[in-house]
Amino acid sequence: MPLEVIRRDTVTQSNDSILNGIKRLLGGISADYTVFDSEIIDYINNVISTLSELGVSQADTFYVNDDSDEWSDFIEDQRLLGFVKIYISQKVKLYFDPPSSSIAVDAIQKSIAENEWRIANYKTNSIKGGN
């Protein structure tokens, strides 16, 4: 696949539906398969509340209602968005479809803790003018 196509796909995906993006990261749940959408949306909004506590001010007033809410509506800062996407997907994974292996759960929890630190650190440095 040519590099231009990969870049274009990456850009397109960064502005796609939050719900469909999380469903994709949960193991490739099709956008057309909506049986669990309300449950997944509840989990996403729960994690967004946690992001507010971590200092992501955009999370104070943002709420996912359906698949029309996009990442670009939530966070414009691409670096922060990268941290946030992974954080939300991992937290939702543990709520919605936790691995059966305790080792896998521990690994995801460690990654979540690291992303919490990265988000808080990034926000702190942004406030101080470091980013």
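Relevant structure appears above.
Below, the structure is looked at part by part.

Cut-off values and rules
Residues numbered from 1 in each chain as written. Predicted model: local features only at pLDDT ≥ 70, side-chain atom pairs only at ≥ 80, totals over all residues. Heavy atoms only, no water. Salt bridge = Lys/Arg side-chain N within 4 Å of Asp/Glu carboxyl O. Buried < 20%, exposed > 50% of the residue type's maximum accessible area, 1.4 Å probe, protein only. Helix = DSSP H or I, 4+ residues; strand = E, 2+ residues; numbered from the N terminus. Core = buried A, V, L, I, M, F, W, Y, C linked by side-chain atoms within 4.5 Å. Contact = heavy atoms within 4.5 Å. Phe/Tyr/Trp six-rings, centres within 6.5 Å; stacked < 30°, edge-to-face > 60°. Polar contact = N/O pair within 3.5 Å; in protein donor to acceptor, adjacent residues only side chain to side chain.

1. Focus on the pattern of salt bridges
Then step 1. A full pass over the atoms with the stated rule returns 4 salt bridges.
Then step 2. The salt bridge partner of D97 is K93, with a shortest N-O separation of 3.3 Å.
Then step 3. A residue is classified by how much of its surface remains accessible, and K93, at 22% relative accessible area, is partly exposed.
Then step 4. Between E114 and R118 there is a salt bridge; the shortest N-O distance is 2.7 Å. On the criterion of helical spacing, the pair formed by E114 and R118 is a turn pair, its members being 4 residues apart in helix α6 (residues 102-128).
Then step 5. Under the relative-accessibility criterion, E114 is labelled partly exposed at 43%.
Then step 6. Residue classification places R118 among the partly exposed positions, given a relative accessible area of 34%.

2. Remarks on the environment of G27
Then step 1. Following the sequence through the fold, G27 ends up in the loop between α2 (18-25) and α3 (37-53).
Then step 2. Taking relative accessible area as the criterion, G27 reaches 68% and is therefore assigned exposed.
Then step 3. Distance in space between the C-alpha atoms of G27 and D97 is 9.5 Å, their sequence separation being 70 residues.

3. Structural notes on the nonpolar core
Then step 1. Membership of the largest hydrophobic core comes to 31 residues, with the highest contact counts inside it found for I22, I44, L51, F74, V84, I88 and V92.
Then step 2. Within the residue set of this core, elements represented by two or more residues are α2, α3, α4 (71-74), α5 (78-96) and α6.
Then step 3. Here the element with the most residues in this core is α5; it accounts for 9 residues.
Then step 4. Setting aside anything within four residues of it in sequence, one finds I22 in contact with I40, I44, W71, K85, I88, S89 and V92.

4. Quick look at the packing of aromatic side chains
Then step 1. Applying the stated criterion across every chain yields a total of 5 aromatic pairs.
Then step 2. Through pairs of rings, three or more aromatic residues link up here, namely Y33, F36 and F96.

5. Structural notes on α2
Then step 1. Most of α2 sits out of view: 6 of its 8 residues are buried.
Then step 2. Along α2, the residues that are buried comprise I18, L19, N20, G21, I22 and K23.
Then step 3. Where α2 is buried, its residues touch α3, α4 and α5.
Then step 4. Between the side-chain oxygen of the N-cap and the backbone nitrogen of L19 there are 3.4 Å, and the N-cap of α2 in question is S17.
Then step 5. Backbone geometry just after α2 places G27 at a positive phi near 125°.

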